[in-house]
Amino acid sequence: MGDAELDYNVVFPEPHLAESHWHGQKEPVVILLGWAGCKDKHLAKYSSIYNEQGCITIRYTAPWKAVFFSEAFGSKELLEIARKLLDLLYDYEVESNPILFHMFSNGGFMLYRYIIEHLQREEQLRALGVVGTILDSAPGNQNVIGSVRALNATLGPETHTVLRYPILAVFTCMVFLLRVLLYSLTKYIHKNHYDAMLDDPTSWPQLYLYSRADKVIAHRDVELMVRARKQRGVRVESVDFINSDHVSHNRLFPEEYSVRCVTFLEYCLKNSTGIKRKHVSM
């Protein structure tokens, strides 16, 4: 089963809510991929945006050790997790529903990278109806200081100083060595998430939500990815919230954030499946 060893949450809308929004058509499935160290209660605030619109949501956050350490060494852990997440669509019999991915920071983006690999490799998965992706505070590229800040925040105040500083020191050295100093060589063994996704072959629309005030993900990295996707002919929207911190756009601008997400979802559905709604209820 796809849910083996996965700590995820799935929410189905009330039948009357789904009917009022989608009028008997298949509800969209929104898969939310949290940032490293994200607590489910925080991710649930984002899934509620879609639940209120009659969508099915699946919430999952990859283990922080896999994001910060395993991935740097080219481990297959995230690749395996990505396959299990896709299996959930079949387990819950929603594989024929429209699918939207909403990911956060590099933690969600790294996992999305491997989801794309599976979708491209496996014939069965190519039939999945992905309609679009939303990227919140992602992606970032070779930002050592930002990565250390992210890990420090993930460790949280409960991590004792005796452990915190050695972990941060080892991580800093590892990232600088493998992803900066020796990357011209190591990339032939294992490309980082950013470079790999510059060649993302998918063509569904994307919405980038970011901020130049983000101290973890440089806005220049996001803007470079936006330009790269546009050059490949992908329809891309981007919103710079200017002064919100990392993965804090919804907290500071909840109404605008919700409207942007729902409007984008509607656009994706209209242009890929012909699904329409009579109104947007916010």
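You'll find the structure just up there.
Residues numbered from 1 in each chain as written. Predicted model: local features only at pLDDT ≥ 70, side-chain atom pairs only at ≥ 80, totals over all residues. Heavy atoms only, no water.

**Student:** Whenever I open this one, the overall build of the chain confuses me. Can you help?
**Tutor:** When you go through the chain residue by residue, the secondary structure sums to 13 helices and seven strands. The C-alpha radius of gyration computed for the chain amounts to 18 Å, which stays within 12% of the reference 19 Å derived for 282 residues, consistent with globular compactness. For the chain, the spread of C-alpha atoms along the principal axes amounts to about 55 × 40 × 40 Å. Per-residue burial for the chain yields a buried fraction of 55% across its 282 residues. Sequence separation of at least 24 residues holds for 80% of the intrachain contacts in the chain that already meet a minimum separation of 6. (Helix = DSSP H or I, 4+ residues; strand = E, 2+ residues; numbered from the N terminus. Rg over C-alpha atoms; globule rule 2.2 N^0.38 Å. Buried < 20%, exposed > 50% of the residue type's maximum accessible area, 1.4 Å probe, protein only. Contact = heavy atoms within 4.5 Å.)

**Student:** Teacher, can you tell me more about the nonpolar core here?
**Tutor:** Of all hydrophobic cores here, the largest spans 61 residues; its most connected members are Leu33, Leu89, Phe101, Leu111 and Leu119. Every residue in contact with Phe101, bar those within four places of it in the chain, is listed here: Ile31, Leu33, Leu86, Tyr112, Ile115, Val130, Gly132, Thr133 and Ile134. The next biggest cluster of nonpolar side chains, apart from the first, holds 26 residues, and it includes Tyr46, Val131, Ile134 and Leu265. (Core = buried A, V, L, I, M, F, W, Y, C linked by side-chain atoms within 4.5 Å.)

**Student:** Explain the packing of aromatic side chains to me, please; I cannot follow it from the model alone.
**Tutor:** Pairs of aromatic rings are described using the distance from one ring centre to the other and the angle between the two planes. For the coordinates displayed, the defined rule picks out ten aromatic pairs. Pairing Phe12 with Tyr92 gives two aromatic rings, centres 6.0 Å apart and planes at 50°, and the pair type is tilted. Remark: Tyr92 occurs in the loop between helix H4 (77–91) and strand S4 (98–104) and Phe12 occurs in the loop between strand S1 (8–11) and helix H1 (15–22); sequence separation between them is 80 residues. What links up through ring pairs into an aromatic cluster is the set Trp35, Tyr46, Phe104, Phe241, Phe253 and Tyr257. The ring of Tyr267 has Arg235 lying over it, and the distance from NZ or CZ to the ring centre is 3.9 Å. (Phe/Tyr/Trp six-rings, centres within 6.5 Å; stacked < 30°, edge-to-face > 60°. Lys NZ or Arg CZ within 6 Å of the ring centre and 35° of its normal.)

**Student:** What is the right way to read a nonpolar patch on the surface from this model?
**Tutor:** A contiguous nonpolar surface patch, about 340 Å² in accessible area, is contributed by Phe176, Leu177, Val180 and Leu181. Here Phe176 shows up in helix H8 (residues 161–181). For Phe176, a relative accessible area of 43% gives the class partly exposed. (Patch = residues over 30% accessible without salt bridge, like charges linked within 9 Å, V, L, I, M, F, W, Y side chains within 5 Å. Areas by Shrake-Rupley, 256 points an atom, 1.4 Å probe, with all protein chains shown as cover. Salt bridge = Lys/Arg side-chain N within 4 Å of Asp/Glu carboxyl O.)

**Student:** Can you help me understand the sheet that holds S1 in this one?
**Tutor:** Whether parallel or antiparallel, the strands of a sheet pair through hydrogen bonds between backbone atoms. Here we have seven strands laid out as an open sheet, ordered S1-S3-S2-S4-S5-S6-S7, and mixed in their pairing. The outermost strands of the open sheet, each flanked by one partner alone, are S1 and strand S7 (236–240). With direction set aside, neighbouring strand axes in the sheet form an average angle of 15°. For strand S5 (residues 129–136) and strand S6 (residues 206–210), the ladder comprises four bridges, and the chain directions are parallel. Residue Leu135 lies in a different strand from S6, and its bridge partner there is Tyr208. On the sheet, H4 packs against S1, strand S2 (29–33), strand S3 (56–60) and S4 and is oriented at approximately 160° with respect to S3. (Pairing = 2+ DSSP bridges. Axes fitted to C-alpha atoms, helices over the stretch in contact; angles between N-to-C directions.)

**Student:** In this structure, what is going on with the pairing of S5? I would like to understand it.
**Tutor:** Moving residue by residue along a regular strand, the side chains alternate between the two faces of the sheet. Most of S5 is tucked away: seven of the eight residues are buried. Pairing analysis gives seven bridges linking S4 to S5, with the strands arranged parallel. If you follow Phe104 over to S5, its bridge partner there is Asp136.

**Student:** Teacher, can you tell me more about the pattern of salt bridges here?
**Tutor:** Working definition: two side chains of opposite charge can pair if their charged atoms are close together. Summed over the entire model, instances satisfying the criterion amount to twelve salt bridges. A salt bridge links Arg83 to Asp87, with the shortest nitrogen-to-oxygen separation between them at 2.2 Å. Taken together, the residues span about one helical turn, with Arg83 and Asp87 both in helix H4 at a distance of four residues. A relative accessible area of 19% means that Arg83 is categorised as buried. Residue classification places Asp87 among the partly exposed positions, given a relative accessible area of 22%. One salt bridge connects Asp240 with Arg212, and the closest N-O pair in it is separated by 2.7 Å. Highlighted residues: Asp240 in strand S7 and Arg212 in the loop between S6 and helix H11 (219–231), separated in sequence by 28 residues.

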